[in-house]
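# A look at the structure
The primary structure of each chain is shown beneath.
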Amino acid sequence: MRRKVGDRRVGPRFEIVGALWGTLETVVRLPLKNVSLGGALIHSHVPLPLESVHRVAFDSGGRSLSVQVRVARVADELSADGERAHLIAVEFLSVQPALLQLIERWLSEGQGEAAGSVSA
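Residues numbered from 1 in each chain as written. Predicted model: local features only at pLDDT ≥ 70, side-chain atom pairs only at ≥ 80, totals over all residues. Heavy atoms only, no water.

To continue, consider the overall build of the chain. A tally of regular secondary structure across the chain gives 1 helix and 6 strands. In the chain, the order of α-helices and β-strands from amino to carboxyl end is β-β-β-β-β-α-β. Per-residue burial for the chain yields a buried fraction of 28% across its 120 residues. When contacts within the chain are restricted to residue pairs at least 6 apart in sequence, those whose partners lie at least 24 apart make up 57%. A total accessible area of about 8,700 Å² is found for the chain, and carbon and sulfur atoms account for 54% of it. (Helix = DSSP H or I, 4+ residues; strand = E, 2+ residues; numbered from the N terminus. Buried < 20%, exposed > 50% of the residue type's maximum accessible area, 1.4 Å probe, protein only. Contact = heavy atoms within 4.5 Å. Areas by Shrake-Rupley, 256 points an atom, 1.4 Å probe, with all protein chains shown as cover.)

Here you go:
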């Protein structure tokens, strides 16, 4: 295999002919608008497909508690800066007892509205 002048690659690269599907995962911190024992409302600049399943992590006190969620609803809105944004309602699919305790504490302290942020 011949290399082009100026090519700094160590290994060979092969051309893909046709469609080759792949996936991309990323972690984004999103503002949490409100939370309940059954789900949460998240503000995002990226829409998520309805019925799609994701993992969301709640960070509290240096501890991260994650839960699998299903996107139940997506509502478009204009943010304060004039950009298009989305309110994403997610339903918890399987909740650890420690996360339920955290949410119950937030609710009892009156922090169910805008309880913080999540990583999705």
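Another aspect to go through is the environment of E83. Within the element layout of this structure, E83 appears in the loop between strand 4 (63-78) and strand 5 (84-94). The exposure class assigned to E83 is partly exposed, which follows from its relative accessible area of 44%. As for E83 and H45, which are separated by 38 residues in sequence, their C-alpha atoms are 8.1 Å apart. Beyond its immediate sequence surroundings of up to four residues, E83 is in contact with H45, E77 and L78.

On average, residues of the chain score 83 in pLDDT, and 86% of them are at 70 or above. The least confident element of the chain, judged by mean pLDDT, is strand 6 (residues 113-119) at 54; the most confident is strand 5 at 94. (pLDDT = per-residue confidence, 0-100.)

With that settled, the discussion passes to the pairing of strand 4. Here strand 3 (residues 53-60) pairs with strand 4 via 8 bridges, running antiparallel. Across the sheet, A57 pairs through a bridge with S66, a residue of strand 4. Between strand 3 and strand 4, which pair antiparallel one after the other, the connecting turn spans 2 residues, and G61 there sits at a positive phi close to 60 degrees. (Pairing = 2+ DSSP bridges.)

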